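Listed below, chain by chain, are the residues.
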Amino acid sequence: MNAGGVVMGIGSLRNPVVGYYSEEEKKYRSIKLSGTFELLSLNGNISLKEGKSFAHLHVTLGDEEGRVFGGHLIRGDVFVAEVYIGELIGEPLERKDMGGNNLWLWEAER
């Protein structure tokens with residue numbers, strides 16, 4: 001049984017939008033970056049959210065001056081990418097709204 005996957009990658013993204021979760025606002029805040037950025041690291045997972053496949057991805061990005069940006073990947077146009085997706089076998093991992101804080105998480109115990 002397919003339970004989801006793990007994701008890793010490198011490459012380059014154009015005009016990425018990254019975010020961080022604001023505990024006070026209980027939502028992700030967006031940081032829009034303009035231009036092409038090296039995708040230094042892509043890490044995340046694939047599981048279920050409301051019965052559909054959901055990718056939860058984080059990135060570390062670098063610009064032409066060596067500055068680094070990072071966070072939750074909201075979107076970005078792929079210029080070039082080498083991405084690895086490893087399949088997880090077993091019981092499906094499913095995200096649930098935990099406590100009404102707009103964070104969809106896996107249950108701690110199953």
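Quick notes on the rules
- Every chain is numbered independently, its residues counted from 1 as its sequence is written.
- Residue-level local features of this predicted model are given only where pLDDT is at least 70; pairs of side-chain atoms are given and counted only at 80 or more, and the full residue set underlies all totals for whole chains, interfaces and linings.
- For side-chain calculations, the full set of non-hydrogen atoms in the structure is used, while hydrogens and water are omitted.
- By definition, any uninterrupted DSSP run of H or I lasting at least four residues is a helix, any uninterrupted run of E lasting at least two residues is a strand, and each is numbered from the N terminus.
- Partly exposed residues are those whose accessible area sits between 20% and 50% of the maximum for their type, while under 20% is buried and over 50% is exposed, using a 1.4 Å probe and protein chains only.
- Residue contacts follow a heavy-atom distance rule, with two residues in contact if any of their heavy atoms lie within 4.5 Å.
- Accessible surface is estimated by sampling points in the Shrake-Rupley manner with a 1.4 Å probe; for residues, cover comes only from the protein chains shown.
- Only four residue types enter the charge count, namely Lys and Arg as positive and Asp and Glu as negative; His and the chain termini do not.
- To locate a charge, the coordinates of NZ of Lys, CZ of Arg, CG of Asp or CD of Glu are taken.
- Stacked, tilted and edge-to-face pairs are distinguished by plane angle, under 30 degrees for stacked and over 60 for edge-to-face with tilted covering the rest, among Phe, Tyr and Trp rings (Trp via its six-membered ring) whose centres lie within 6.5 Å.
- Criterion for a charge above a ring: Arg CZ or Lys NZ at most 6 Å from the ring centre, at most 35 degrees from the ring normal.
- Here, nonpolar core refers to any group of buried Ala, Val, Leu, Ile, Met, Phe, Trp, Tyr and Cys residues whose side-chain atoms link them within 4.5 Å.
- Any two strands with at least two DSSP-identified bridges between them are counted as paired.

Participant: Please explain the overall build of the protein chain as it appears in this structure.
Facilitator: A tally of regular secondary structure across the protein chain gives zero helices and seven strands. With the C-alpha coordinates aligned to their principal axes, the bounding extent of the protein chain is approximately 45 × 35 × 20 Å. Taking all 110 residues of the protein chain together, the buried fraction comes to 29%. Counting contacts in the protein chain only where the partners sit at least 6 residues apart, residues at least 24 apart contribute 59% of the total. Of the roughly 7300 Å² of accessible surface on the protein chain, 51% is carried by carbon and sulfur atoms. Averaging the positions of the 12 positive and the 16 negative side-chain charges in the protein chain gives two centres separated by 6 Å.

Participant: Please clarify how the packing of aromatic side chains should be interpreted in this entry.
Facilitator: Two aromatic rings are characterised by how far apart their centres lie and by the angle between their planes. Inspection of the entire model under this criterion finds two aromatic pairs. For the ring pair Tyr21 and Tyr28, a centre distance of 5.5 Å and an interplane angle of 70° mean the geometry is edge-to-face. Between Phe37 and Phe69, the ring centres sit 5.9 Å apart and the planes meet at 90°, which makes this aromatic pair edge-to-face. Of the two residues, Phe37 is situated in strand S3 (residues 36-49) and Phe69 in strand S5 (residues 68-89); the sequence distance between them amounts to 32 residues. The ring of Phe54 carries the charged tip of Lys49 above its face, separated from the ring centre by 4.8 Å.

Participant: It is not clear to me how the environment of Glu23 should be interpreted in this structure. Could you clarify?
Facilitator: In this structure, Glu23 sits in the loop between strand S1 (2-22) and strand S2 (27-32). With 78 residues separating them along the chain, Glu23 and Asn101 place their C-alpha atoms 8.3 Å apart.

Participant: Please explain the nonpolar core as it appears in this structure.
Facilitator: Most often, soluble globular proteins keep nonpolar side chains buried together rather than apart. Val7, Leu13, Val18, Leu33, Phe37, Leu39, Leu42, Leu57, Val59, Leu61 and Leu73 form the largest nonpolar core, which has 11 residues in total. Counting only elements with at least two residues in this core, the list comes to S1, S3 and strand S4 (52-62). For Val59, the residues in contact, after removing those within four places along its chain, are Val18, Leu39, Ser41, Leu42, Phe69, Gly70, Gly71 and Leu73.

Participant: What is the right way to read the pairing of strand S6 (residues 94-97) from this model?
Facilitator: Across a regular strand the side chains alternate sides, sitting on one face of the sheet and then on the other. Where S3 lies against S6, two bridges are found, and the strand directions are parallel. When the sheet's bridge partners are listed, Lys49 is paired in S6 with Arg95. Inspection of the sheet shows S6 paired to strand S7 (residues 104-105) by two bridges, in the antiparallel sense. The partner of Lys96 across the bridge, within S7, is Leu105. Hairpin connection, S6 to S7: the antiparallel pair is bridged by six residues, and Gly99 has positive phi, about 75°.

Scope: geometric values only; no functional claims are made or implied.
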